[in-house]
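Spelled out from the first residue to the last, the chains are:
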Amino acid sequence: MERGPGPDGARRALGCLLEAVLASRGEANAVFDILAVLQSEDSEEIREAVRACGRLFAALLERGELFVGRLPSEDSVLAGSQGATRKYKVWMRHRYHSCCNRLRELLAHSSFEVKELALSTLMRFVQLEGVHPLEKPKWDGCYLFPHQLFKAVVEGLLSLEDDCSLLLSQFREYLEHDDIRYHTMQAATDIVVRVANRYLEVPFTFWNNAFTLLSAVSLPRQECNTSSFYVKHAKLSQTWKVVHLKEHRKAFQLMWLGFLKHELPLGLYKKVLVIMHDSILPHLAQPSLMIDFLTRAYDMGGAISLLALNGLFILIHQHNLEYPDFYRKLYGLLDPSIFHVKYRARFFHLADLFLSSSHLPAYLVAAFAKRLSRLALTAPPEALLMVLPFICNLLRRHPACRVLVHHPLGHELDSDPFDPEEGNPAESRALESSLWELQALQQHYHPEVSQAASVINQALSVSEISIAPLLELTAFEIFERNLKKKCQESVPLQFIPAQGLLGLQDDLCAQHFTLS
């Protein structure tokens, strides 16, 4: 193919070739020249070739000039005695497959503009193949979708080498369509299984791409009367699985269970658990199937355990999950780092919900109150302003625990019977102790903390204090708040009157300096 220099020359040359192929079957060999430009090293030329291929094969699909049915080998057809039209359609469909394969490879191109254009062209082919199927229906009214082509697109997005986050963000717009979402879930499930079985150590890039795609899939909360299909159909049949939300939930469940059964990188565990409670569990056909994953994550300790709390809370309260050691493990999460982790607000919000039941035994609530009081001795002010009302709320909910504040033998105790090293709250002897730590915090250097700790000096009010506004409190907010306060009275800065410019006669300054 002869073309002038630069993208303009390539555009004109490709345009001439395109017109020739569409105008006459005798010019069909010009398709090779168009496909050859897809191999160019110039990004602009590749984009022009992708546009030309998109227009060419879109027109051929619409005109019905590609072979329909099980595709025979090219050599057997050309060497046989079939008619010229059949040979042309088989030959051209092989060229169409070559084009799709190259576009699939371009999803990994270094230029994002090339990748984006290749993706949109492939998705255009998916739409046209759905309207003009290249396979024969097995029965009248059979649902047809270009599974093979679409699976190749999803496979290109789930690269093992390249981070496809940006390209996957472009793909999200297609997931708004019911049919694309349904087939994406099926394709992703198959690809994850195949890659996990093929490699002993799956690259992190693949897992990250897979999570990005899976987390982009969002199902409607309830069945919708109006369906949004990317592949247009004259009429939707109720016999098709793709039109029913129940089938989407099943596919969604298989997709996530297949993904989570593998050993994932620690960072991905956290990402999955962050979205588990609102983006995954509500859409599962059987949420209880997540019990194994969540309990395994809860047993891992650290931030993973904190994040698993949300999902476990939903399963315990909405799906009657029985977890015998739940409160013991929750108690074990209380350590000094709990006030400094990223997910502190989420943890205390959930802990407040878990400890809200009035049916909890007194020894259990007392253990939590005492453990938090002990940890409060070394907590920063922003955490104390939330923890102290939290402890007082526990005492309000469970009057039997108020013995921790008004202990009859409090002044006679030589040592604190509470065992901070005991992991079992039932054996911690918290009810035998007292919350002396709160009294100590009344001498805290920060006046707001001191005031919050002094609440126990009076009878506790019946109504609880909402800790919601305090969960996200930061040291910067406290500092800014204090800066805005206006001092009402003058404050003395020195309580010893000054004696002259250099101070007192025997002052250190006067010993070394004199006025002359």
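One can find the structure itself at the top, above this paragraph.
Below or above, wherever it landed, is the structure these notes cover. Owing to the predicted nature of the structure, the values given are computational and were not obtained by experimental measurement. Residue positions are counted from 1 within each chain, in the order its sequence is given. Owing to the predicted nature of the model, reporting of local features is limited to residues with pLDDT of at least 70; listing and counting of side-chain atom pairs is limited to 80 or more, with chain, interface and lining totals taken over all residues. Only hydrogens and water are removed before side-chain values are computed, so all heavy atoms of the structure are retained for them.

Focus: the overall build of the protein chain
No. 1: Summing up its helical and strand segments, the protein chain has 22 helices and zero strands in all.
No. 2: Taking 516 residues into account, the globule formula puts the C-alpha radius of gyration at 24 Å, and the protein chain, at 35 Å, lies well above it.
No. 3: Taking the principal axes of the C-alpha coordinates as reference, the protein chain spans close to 115 × 75 × 45 Å.
No. 4: Taken over 516 residues, the protein chain has a buried fraction of 47%.
No. 5: By sequence separation, contacts in the protein chain at least 24 residues apart represent 72% of the contacts at least 6 residues apart.
No. 6: In the protein chain, the 52 positive side-chain charges and the 58 negative ones have mean positions that sit 8 Å from each other. Numbering of helices and strands starts at the N terminus; helices are DSSP runs of H or I of at least 4 residues and strands are runs of E of at least 2. For the radius of gyration, the atom set is restricted to C-alpha positions; the globular benchmark scales as 2.2 Å times the number of residues to the power 0.38. In this scheme, a residue with accessible area under 20% of its type's maximum is buried, one over 50% is exposed, and one in between is partly exposed, where area comes from a 1.4 Å probe on protein chains only. Whether two residues are in contact is decided by their heavy atoms, any of which lying within 4.5 Å being enough. Residues counted as positive are Lys and Arg, residues counted as negative are Asp and Glu, and His and the chain ends are not counted. Working definition for charges: the position is that of NZ of Lys, CZ of Arg, CG of Asp or CD of Glu.

Section: helix 9 (residues 178-198)
No. 1: To estimate how far a helix should extend, the number of its residues minus one is multiplied by 1.5 Å. Taking 1.5 Å per residue, 21 residues should reach 30 Å; helix 9 reaches 31 Å between its end C-alpha atoms and fits that length.
No. 2: By the criterion of burial, helix 9 is predominantly enclosed, with 15 of the 21 residues buried.

Observations concerning the side chain of arginine 95
No. 1: With respect to the helices, strands and loops of the structure, arginine 95 is situated in helix 5 (residues 84-106).
No. 2: Once residues lying within four places of it in the same chain are set aside, the contact partners of arginine 95 are Val31, Phe32, Leu35, Phe57 and Glu74.

Observations concerning the nonpolar core
No. 1: Put simply, buried Ala, Val, Leu, Ile, Met, Phe, Trp, Tyr and Cys residues joined by side-chain atoms within 4.5 Å make one nonpolar core. Counting 165 residues, the largest nonpolar core has Trp256 and Phe259 as its most contacted members.
No. 2: No other element matches the eleven residues that helix 18 (residues 381-397) contributes to this core.
No. 3: Discounting chain neighbours no more than four positions away, the residues touching phenylalanine 259 are Val192, Trp207, Ala210, Phe211, Leu214, Leu264, Leu268 and Val272.

Some remarks on the packing of helix 3 (residues 43-63) against helix 6 (residues 112-131)
No. 1: Contact pair helix 3 / helix 6: the axes reach a minimum separation of 10 Å and the direction vectors enclose 5°. It follows from the interaxial angle that helix 3 and helix 6 lie roughly parallel. Of helix 6, the residues touching helix 3 (which contributes Ser43, Ile46, Arg47, Val50, Arg51, Cys53, Gly54, Phe57, Ala58, Leu61 and Glu62) are Glu113, Val114, Leu117, Ala118, Thr121, Arg124, Phe125, Leu128 and Glu129.
No. 2: When its residues are assigned to classes, the contact of helix 3 with helix 6 shows eleven nonpolar, three polar and six charged. Fitted lines through C-alpha atoms serve as axes, helices being fitted only where they are in contact, and the angles separating the N-to-C directions of these axes extend from 0 to 180 degrees. Throughout this description, any angle smaller than 35 degrees is read as roughly parallel, any larger than 145 degrees as roughly antiparallel, any in the 65 to 115 degree range as roughly perpendicular, and the remainder as oblique. Gly is put with the polar residues, along with every residue not named as nonpolar or charged; the nonpolar set is Ala, Val, Leu, Ile, Met, Phe, Trp, Tyr, Cys and Pro, and the charged set is Asp, Glu, Lys and Arg.

Some points on unusual backbone geometry
No. 1: With a phi angle near 60°, arginine 429 is a residue other than glycine that sits in the positive phi range.
No. 2: A relative accessible area of 43% means that arginine 429 is categorised as partly exposed.

Thoughts on the packing of helix 5 against helix 6
No. 1: For the pair helix 5 and helix 6, interaxial distance at closest approach is 8 Å and the crossing angle is 140°. In this view, helix 5 runs oblique relative to helix 6, as classed from their interaxial angle. In this structure, the crossing between helix 5 and helix 6 has a hand that is left-handed. On helix 6, the residues that touch Tyr96, Cys99, Cys100, Leu103, Arg104 and Leu106 of helix 5 are Val114, Lys115, Ala118, Thr121, Leu122, Phe125 and Glu129.
No. 2: Here the residues of the contact of helix 5 with helix 6 sort into nine nonpolar, one polar and three charged. Whether a crossing is left-handed or right-handed is set by the direction in which the near helix is turned from the far one by less than a right angle, anticlockwise for left-handed and clockwise for right-handed.

Details of helix 17 (residues 362-376)
No. 1: Under the 1.5 Å per step criterion, the end-to-end length of helix 17 is 21 Å for 15 residues, consistent within 8% with the ideal 21 Å.
No. 2: Turning to helix 17, its buried residues are Leu364, Val365, Ala366, Ala367, Phe368, Ala369, Lys370, Arg371, Leu372, Ser373, Leu375 and Ala376.
No. 3: Residues of helix 17 that are buried make contact with helix 15 (326-332), helix 16 (344-354), helix 18 and helix 19 (436-441).

Quick word on the state of the cysteines
The bond known as a disulfide is covalent and runs between the sulfur atoms of two cysteines.
No. 1: Cysteine sulfur atoms that come within 2.5 Å of each other are treated as a disulfide pair. The full count for this structure, using the stated rule, is zero disulfides.
No. 2: Not engaged in a disulfide, the cysteine cysteine 99 finds its nearest cysteine sulfur in cysteine 53; these two sulfurs lie 4.0 Å apart.
No. 3: Unpaired in this structure, cysteine 164 has its nearest cysteine sulfur neighbour in cysteine 100, at a distance of 18 Å.
No. 4: According to the relative accessible area criterion, cysteine 164 is buried, its value standing at 4%.

Points about the packing of aromatic side chains
No. 1: Working definition: a ring pair exists when centres of Phe, Tyr or Trp rings (six-membered ring for Trp) sit within 6.5 Å. Plane angles under 30 degrees give stacked, over 60 give edge-to-face, the rest tilted. Using the criterion set out here, one finds 23 aromatic pairs in the structure.
No. 2: Judged by centre distance (5.0 Å) and plane angle (50°), the ring pair of tyrosine 143 and tryptophan 240 falls under tilted. Highlighted residues: tyrosine 143 in the loop between helix 6 and helix 7 (147-157) and tryptophan 240 in the loop between helix 10 (204-216) and helix 11 (245-260), separated in sequence by 97 residues.
No. 3: Tyrosine 143 sits in the buried class, given a relative accessible area of 17%.
No. 4: What makes tryptophan 240 buried here is its relative accessible area of 10%.
No. 5: Among the aromatic residues, those joined into a cluster by ring pairs are Phe206, Trp207, Phe211, Phe252, Trp256 and Phe259.
No. 6: The criterion is that NZ of a Lys, or CZ of an Arg, lies within 6 Å of the ring centre and within 35 degrees of the ring normal, and then a charge sits over that ring. The side chain of arginine 95 reaches across the aromatic face of tryptophan 91, ending 5.0 Å from its centre.
No. 7: Against the face of tyrosine 331 rests arginine 371, its NZ or CZ located 4.5 Å from the ring centre.

Section: the environment of glycine 141
No. 1: You can see glycine 141 is positioned in the loop between helix 6 and helix 7.
No. 2: With a relative accessible area of 43%, glycine 141 lands in the partly exposed category.
No. 3: For the pair glycine 141 and aspartate 292, spaced 151 residues apart in the sequence, the C-alpha separation amounts to 41 Å.

A look at the side chain of arginine 249
No. 1: By the secondary structure assignment, arginine 249 is in helix 11.
No. 2: Each polar contact in these results corresponds to two N or O atoms within 3.5 Å; when the atoms are within protein, one needs to be able to donate a hydrogen and the other to accept it, and residues that are neighboring in sequence are counted only if both atoms are side-chain atoms. Separated by 3.4 Å, the side chain of arginine 249 and the backbone oxygen of histidine 283 make a polar contact.
No. 3: Each residue touching arginine 249, except ones within four places of it in the same chain, is listed here: Leu219, Pro220, Arg221, Pro282, His283, Leu284 and Ala285.

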